[in-house]
Amino acid sequence: MSSNKAFTLLLGLAAASLVMIEPALASGGGGLPWEGPLEQIQESITGPVAGAIALAAVAIAGGMLIFGGELNDFARRLCYIVLVAGILLGATQIVGLFGSSGSSIGVPREAHGHTPAVAPHG
């Protein structure tokens, strides 16, 4: 294949790609396919059932470590894993105890009735 034919073919493929990508870029910003399941997992992890499970896991694992007597290495590591999993599941409730509610997006000054310090151009 001559270089002129290769260049023409490459140019045609590039033009076809641009024509096909325009509808995809113009679509309304629908969610990605994995956002729905991830949001469902997030709701399950941060719900009240997860908080109760986390509290029970921390209490049981802590009690076993404190009052368990001589545990072998495997049982001790298993208690640590349950303890850490309980703390991770209850992390949102633990952070909530300190008065933090997570990140938030600020409201623009115009919404509060304030005028901007610098007048907009145009």
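Look up a bit, the structure's there.
The rules behind these values
- Residues numbered from 1 in each chain as written.
- Predicted model: local features only at pLDDT ≥ 70, side-chain atom pairs only at ≥ 80, totals over all residues.
- Heavy atoms only, no water.
- Helix = DSSP H or I, 4+ residues; strand = E, 2+ residues; numbered from the N terminus.
- Buried < 20%, exposed > 50% of the residue type's maximum accessible area, 1.4 Å probe, protein only.
- Contact = heavy atoms within 4.5 Å.
- Areas by Shrake-Rupley, 256 points an atom, 1.4 Å probe, with all protein chains shown as cover.
- Expected span 1.5 Å × (residues − 1).
- Arc of directions from axis to C-beta.
- Patch = residues over 30% accessible without salt bridge, like charges linked within 9 Å, V, L, I, M, F, W, Y side chains within 5 Å.
- Salt bridge = Lys/Arg side-chain N within 4 Å of Asp/Glu carboxyl O.

A. Molecular detail of the overall build of the protein chain. In terms of regular secondary structure, the protein chain is built from five helices and zero strands. Ordering the α and β elements of the protein chain from the N terminus gives α-α-α-α-α. Out of the 122 residues belonging to the protein chain, those deemed buried represent 11%. Here the contacts in the protein chain between residues at least 6 apart in sequence split such that 50% fall between residues at least 24 apart. Just so you have it, the protein chain exposes about 10300 Å², and 69% of that area is on carbon and sulfur atoms.

B. Representation of helix α3 (residues 48-67) in the model. Compared with an ideal rise of 1.5 Å per residue, which puts 20 residues at 28 Å, α3 spans 28 Å between its outermost C-alpha atoms and is within 8% of the ideal. Considered for burial, the residues of α3 that qualify are Ala50, Gly51, Ala54, Ala57, Ala61 and Gly62. The buried residues of α3 occupy an angular sector of 130 degrees when projected down its axis, which confines them to one face. Facing away from the buried side of α3 by over 90 degrees, the exposed positions are Pro48, Val49, Leu55, Ile60 and Phe67. Buried-residue contacts for α3 involve α2 (35-46), α4 (73-89) and α5 (91-97).

C. Region of the structure containing a nonpolar patch on the surface. Together, Leu32, Trp34, Leu38, Ile41 and Ile45 line one region of the surface with nonpolar side chains, adding up to about 500 Å² of accessible area. Inspection of the secondary structure puts Trp34 in the loop between α1 (3-26) and α2.

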